Amino acid sequence: MEANMDYSSSYWKSKKFGLRIMVAISAVVGLFVLMFFVSKSMIAHNTIHHLEEVMDEVTFDIEADATQLMSDLQQLGETVQKEKDLYMKSIEEVNGYLEGISVLSPLIDGGTVVDADGDVVGFYPSDIAPVKNLSDRTYVQEAIKSKSIYISNIVQTKTNRSVIVVAVPILKGNKVERVVNLSIRLGDNKLYDVLGRSIAAKGLPNTYIVDEQGSIIFDSEIDRLGKENQYPEVTEKALNKESGHMKVTLENERTMYAFYHYIPSMRWGIVSFVPTNPPSHIVRAYLPYGIMMLGGFTLLAMLVFLLVQSRTRKQLQTLSNAMEQVSAGDFTQKVTGIDSSSQVGVVASKFNDMMRDLEQAREDIKAQTLLREQQRRFLNRVVNNNPSPIYVMDWDGKYLLVNYEYASLFNQTPEEMIGKTEAEVNPNLKSAERTLEINREVMDTNTELRDEEYFFDYQGNMRWFQYGKVPIISLEEDRMHVLYVGTDITDLKRQEEQIRHLAFHDELTSLPNRKMFKKELEDLLVYMEEKTDYLSALLYFDLDRFKYVNDTFGHEAGDVILQDISYRIQQCVEAKGAIFRLGGDEFTVLLPHIKDRQEAAETSKQILTCLTEPYDYKGHRIIITASIGISLFAANHSSVDTIVKQADIAMYQSKLQGKNTFRFYSEEMETEVSTRLRLEVDLQQALKRDELSIHYQPIIDNQSGKMVGMEALLRWEHSKLGYISPGTFIPIAEEIGLIEQIGNWVLRNACYKAKYWQDQGYPPVKLSVNLSALQLKNNAIVQRVNNILEETKLEPKWLELEITESSVMENKDKVIQILKQLRQLGVSVAIDDFGIGYSSLNSLESLPIDTLKIDKTFVGKLEEKTSDVILSAILDLAEKLKLTVVAEGIETEEQHRYLKEKYCHKLQGFLFSQPLNEEWFGNFLERLK
């Protein structure tokens, strides 16, 4: 028995046994590590392979669906092309046709129709507000160039919509007459649903599709449609016809796999982001392997444990006996006979050390107390040097701990504040009481609190803090305290206030903006519901000729003057009311409480007086006036929209009355506005209804009396209202943008008629045609005149283009260049109605003109000495400049005889003939033949 025990004892202590234990443990650890890395590699590889297969499937599905959609669009375009008479339809018919396509096709949201010059002749829906000419659009150019259906990349519309345009050319023979542009709005129709269907089915939420320009066609976040993507390096690979994946770091510092693929038939790229961690279904697939690995590891561990336990059991028994002796009071016990290299031996050694250390227990306690005090002092230094205000307060409101940052708010030191309450250092007693109330609630509920607060420091400055209050327990007193840690957010609050200010104020003038105006007016109406005796007024005004300032001196000058105007209005209105800038050159003044309408009138007069003082900009003295409309309103009688509309109508009447004045709103103004609106609508149809015509007035040689020219004059015979004066409808045409179209029509038809009369054998005479200021601003006017001359075959020398002084002075340098180019064509240029515009006599020298037409006001007042002096000065200068002079408005023989003695070459007026229509002018020519 003893031999067996000796053998057993020697075996347990042998090197062979220890070696086997080490080998077994190493094998278990190695197997576990191997299985871990193999599993990790397999899962990662399977994940990437799976996602690449998904991307292939999604790409295939999208390509198939998108190809089918594009085929549908192609068929739709071919159907539109079969509408051979579409180029002959009116605007209303075109708009109705576009509406029908939008209703029948789930792909189409609307569109426009343009003629061969790119001018818009139809659009739907009515709220897309198209520009008047789309000739610069790539899709229009490609459709006209290729004479075939063209599908564009993403296009940003004027109303900030992202669309794809299907441009369909409408052919007449082999010539493109019109182009139908059908728009597909991204995110709102079948295209978005089709692209999203395949992506959603494969569980790829973070996926977007881009066109060949890199603009987003599809994204789960609709707001990003049409914008450039945020990861160009990934998109570039997809658009370079590459497929694969790469790691990318997103804006939130999160690392993900970016899988990219190219869709060849659509020239699109698709990108999908997935986490780098394996999906849950793949992890579940490898779960059995993990369980098997864990079981094997556990089995081996138990084996090792049983082997080791049998050896350590005897050693533990020896240690246990020694502990029982210590429990009995024998503190001299020491454990011997145990190998110190084993775990039990280490414990036994520690036991012996513990027994030796019992004698030093008192010294250890003293050392711990000293260390604790050192740590406390260290903590105080950390707290005091913290830039955040920190304090600890008890139930009674006394400060137990205060750092320097918090104490500085009250101009105190931490030592001065400890032991005091906030009420003793904060003069705002209500604030101190509120703080104590909140702190007690935190301690009573034992709940952490996070919030924001403000208070005034010892200098009176408002300070904002974001704070956290945490209940803590004092180990020494076993009482609840509260720990406060704050963060100074004063600067952040100021920034928030600035943002709020910018949202409701104009950036240029710092005046309240349109949003604030609407809110203030709404609040005033609510307030007036209880104030039945209140009378209020809204002054709505617009600056006169402000566009001229921007065009002449630049927008920087306009901004400077707007700031000066805002300052003047504030000084003028002061506390009477609130001033708002609605945008551009529009302002409003809200007078919340006035005695009567006279007070509103007086305020308007003061504003007009303030504004008419000249403005100085870099040595230039600029005069700005305003037109003011006034709407009076009382409680429960108006809405915001009604008040603004009435003031706007009254302001418009001020414009019509000569500007630089004010008008109160009246119901009669509604009728005047309605009449004008009717004329605006009817004028757009006048050409189609054949209501516009050209009359011709002869121009007579001053010496021979023979007809040497004729002026083409536009007339409008309204089907219901009768004759409409050019002075009425020409300004309307300029405002609504029809003047160029009408002007081109007049020029073309007058040239045709002049050539026709020449071909009939009548003596050729020079044709005079007026050009509007808007036509002169268009750089294409030179080419347009040349095209009309070639089209009508009228020689340029028989055409004279008349312009006004004001059209020259609005943009003098540019207009001079255009006039030089027109003269190079061979046509002559005349200044019409000279003497009533902005030009000075000296400015004539710089103008490339041939003829000077003197306004009839000078001729009609020849008996007045002033008119005679001015007319003589004009004629003398014209003679020096060798200009041809035409006098307009000759109605009497006295005027004729007077001008015969002057430097005047041609005459025009009722004395010779009134303007005649084509038939009567033909008869007039026949009599001269």
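Residues numbered from 1 in each chain as written. Predicted model: local features only at pLDDT ≥ 70, side-chain atom pairs only at ≥ 80, totals over all residues. Heavy atoms only, no water.

Caption draft 1: Broad picture of the overall build of the protein. Check the secondary structure of the protein and you find 30 helices and 31 strands. Burial statistics for the protein: of 929 residues in total, 42% are counted as buried. Pairs at least 24 apart in sequence give 59% of the contacts found in the protein among residues at least 6 apart. Accessible surface, the protein: about 51,600 Å² in total, of which carbon and sulfur atoms supply 52%. (Helix = DSSP H or I, 4+ residues; strand = E, 2+ residues; numbered from the N terminus. Buried < 20%, exposed > 50% of the residue type's maximum accessible area, 1.4 Å probe, protein only. Contact = heavy atoms within 4.5 Å. Areas by Shrake-Rupley, 256 points an atom, 1.4 Å probe, with all protein chains shown as cover.)

Caption draft 2: Spotlight on the packing of helix H22 (residues 739-759) against helix H24 (residues 781-792). Contact geometry for H22 and H24: axes closest at 9 Å, N-to-C directions at 30 degrees. On the basis of the axis angle, H22 is roughly parallel to H24. Considering the relative orientation of H22 and H24, their crossing is right-handed. Side by side, H22 and H24 meet where Glu-740, Asn-744, Leu-747, Arg-748, Cys-751, Tyr-752 and Lys-755 of the first sit next to Arg-784, Val-785, Ile-788, Glu-791 and Thr-792 of the second. Residues of the contact of H22 with H24, tallied by class, amount to five nonpolar, two polar and five charged. (Axes fitted to C-alpha atoms, helices over the stretch in contact; angles between N-to-C directions. Parallel < 35°, antiparallel > 145°, perpendicular 65-115°, else oblique. Left-handed = near helix turned anticlockwise from the far one by under 90°. Nonpolar A, V, L, I, M, F, W, Y, C, P; charged D, E, K, R; others polar.)

Caption draft 3: How the structure looks around the pattern of salt bridges. For the structure shown, the criterion picks out 24 salt bridges. With a shortest N-O distance of 3.8 Å, Lys-605 and Glu-602 are connected by a salt bridge. Residue Lys-605 and its partner Glu-602 are both found in helix H18 (residues 597-612); the two are separated by three residues, about one turn of the helix. Two residues, Lys-755 and Asp-759, come together in a salt bridge whose shortest N-O distance is 3.5 Å. Note that Lys-755 and Asp-759 are positioned in helix H22 at a spacing of four residues, about one turn of the helix. (Salt bridge = Lys/Arg side-chain N within 4 Å of Asp/Glu carboxyl O.)

Caption draft 4: Broad picture of the sheet that holds strand S4 (residues 162-172). Here five strands make up an open sheet; going across it, the order is S2-S1-S5-S4-S3 and the pairing antiparallel. The sheet is open, and its two edges are formed by strand S2 (120-124) and strand S3 (150-156), each paired on a single side. Strand-to-strand twist across the sheet, computed as the mean angle between neighbouring axes with direction ignored, equals 20 degrees. As paired strands, S4 and strand S5 (residues 175-185) are joined by ten bridges and run antiparallel to one another. Directly across from Val-168, in S5, lies its bridge partner Val-180. Lying on the sheet, helix H3 (residues 91-104) is in contact with strand S1 (110-115), S2 and S5; it crosses S2 at an angle near 35 degrees. Across the sheet, helix H4 (residues 138-146) is in contact with S1, S3, S4 and S5; its angle to S3 comes to roughly 170 degrees. (Pairing = 2+ DSSP bridges.)

Caption draft 5: View of empty space enclosed by the protein. All chains considered together, the criterion is met by two cavities of 30 Å³ or more. A volume near 70 Å³ is recorded for the largest cavity. The wall of the largest cavity is formed by Met-707, Met-710, Ala-754, Trp-757, Gln-758, Tyr-762, Pro-763, Pro-764, Val-765 and Leu-925. At the level of elements, strand S24 (707-718) and H22 are the ones that each hand at least two residues to the lining of the largest cavity. (1 Å grid on protein atoms, 1.4 Å probe; cavity = no way out; pocket = protein on both sides within 12 Å on 5 of 7 lines; lining within 4 Å. Points joined across faces, edges and corners; volume = space filled by probe spheres on them.)

Caption draft 6: Here's a closer look at H4. Among the residues making up H4, those that are buried are Tyr-139, Val-140 and Ala-143. For H4, the buried positions fall inside an angular range of 105 degrees around the axis, keeping them on one side. Packing partners of the buried residues in H4 comprise S1, S3, S4 and S5. The positive-phi residue at the C-terminal boundary of H4 is Lys-147, with phi of around 55 degrees. (Arc of directions from axis to C-beta.)

Caption draft 7: Local environment of the layout of surface pockets. Size it by volume and the second largest pocket reaches roughly 2,100 Å³. What lines the second largest pocket is a set of 50 residues, among which Asp-115, Asp-119, Val-120, Val-121 and Gln-741 lie closest to the centre. Within the residue set of the lining of the second largest pocket, elements represented by two or more residues are H3, S2, S5, helix H20 (667-686), H22, helix H23 (773-777) and H24. Looking at the lining of the second largest pocket, the element that brings in the most residues is H22, giving seven residues. Looking at the lining of the second largest pocket residue by residue, the classes come out as 20 nonpolar, 14 polar and 16 charged.

Caption draft 8: Seen up close, the environment of Val-113. With respect to the helices, strands and loops of the structure, Val-113 is situated in strand S1. Residue Val-113 is classed as buried on the basis of its relative accessible area of 1%. C-alpha separation for the pair Val-113 and Asn-181, spaced 68 residues apart in sequence, amounts to 6.0 Å. When sequence neighbours within four positions are dropped, the list of residues in contact with Val-113 reads Val-94, Leu-98, Asp-119, Val-120, Val-121, Gly-122, Arg-178, Val-179 and Val-180.

Caption draft 9: View of the nonpolar core. In this structure, Leu-767 and Leu-799 are the most contacted members of the largest nonpolar core, which totals 74 residues. When neighbours within four sequence positions are excluded, Leu-767 is seen to be in contact with Tyr-696, Met-710, Ala-712, Ala-750, Cys-751, Ala-754, Trp-798, Leu-799 and Glu-800. With 54 residues, the next largest nonpolar core counts Met-70, Val-80, Tyr-208 and Ile-263 among its residues. (Core = buried A, V, L, I, M, F, W, Y, C linked by side-chain atoms within 4.5 Å.)

Caption draft 10: Here's a closer look at the packing of helix H17 (residues 555-573) against H18. It is the contact of H17 with H18, at a shortest axis distance of 9 Å, that shows an interaxial angle of 145 degrees. You can see that H17 and H18 cross each other, and the crossing is right-handed. In contact with Ile-565, Arg-568, Ile-569, Cys-572 and Val-573 of H17, H18 contributes Gln-606, Ile-607, Cys-610 and Leu-611. A per-class count over the contact of H17 with H18 returns seven nonpolar, one polar and one charged.

Caption draft 11: Just the pairing of strand S17 (residues 578-583), in detail. Here five bridges tie S17 to strand S18 (residues 586-591), and the two strands are oriented antiparallel to one another. Following the sheet pairing, Arg-581 is matched in S18 by Phe-587. Counted along the chain from S17 to the antiparallel partner S18, the turn is two residues long, and its residue Gly-584 has a positive phi close to 60 degrees.

Caption draft 12: Looking closely at the side chain of His-718. Summarising the element assignment, His-718 is placed in strand S24. Exposure remark for His-718: the relative accessible area of 4% places this residue in the buried category. One polar contact links His-718 to Asp-682, side chain to side chain, over a distance of 2.7 Å. Once you skip the residues sitting within four places of it in the chain, His-718 turns out to touch Arg-678, Asp-682, Glu-691 and Ile-724. (Polar contact = N/O pair within 3.5 Å; in protein donor to acceptor, adjacent residues only side chain to side chain.)

Caption draft 13: Structural detail: the packing of aromatic side chains. Under the defined criterion, the tally for this structure stands at 20 aromatic pairs. One residue, Lys-469, lies across the ring of Tyr-467, its end atom 5.1 Å from the ring centre. Over the ring of Tyr-615 we find Arg-568, and its NZ or CZ is 3.7 Å from the ring centre. (Phe/Tyr/Trp six-rings, centres within 6.5 Å; stacked < 30°, edge-to-face > 60°. Lys NZ or Arg CZ within 6 Å of the ring centre and 35° of its normal.)

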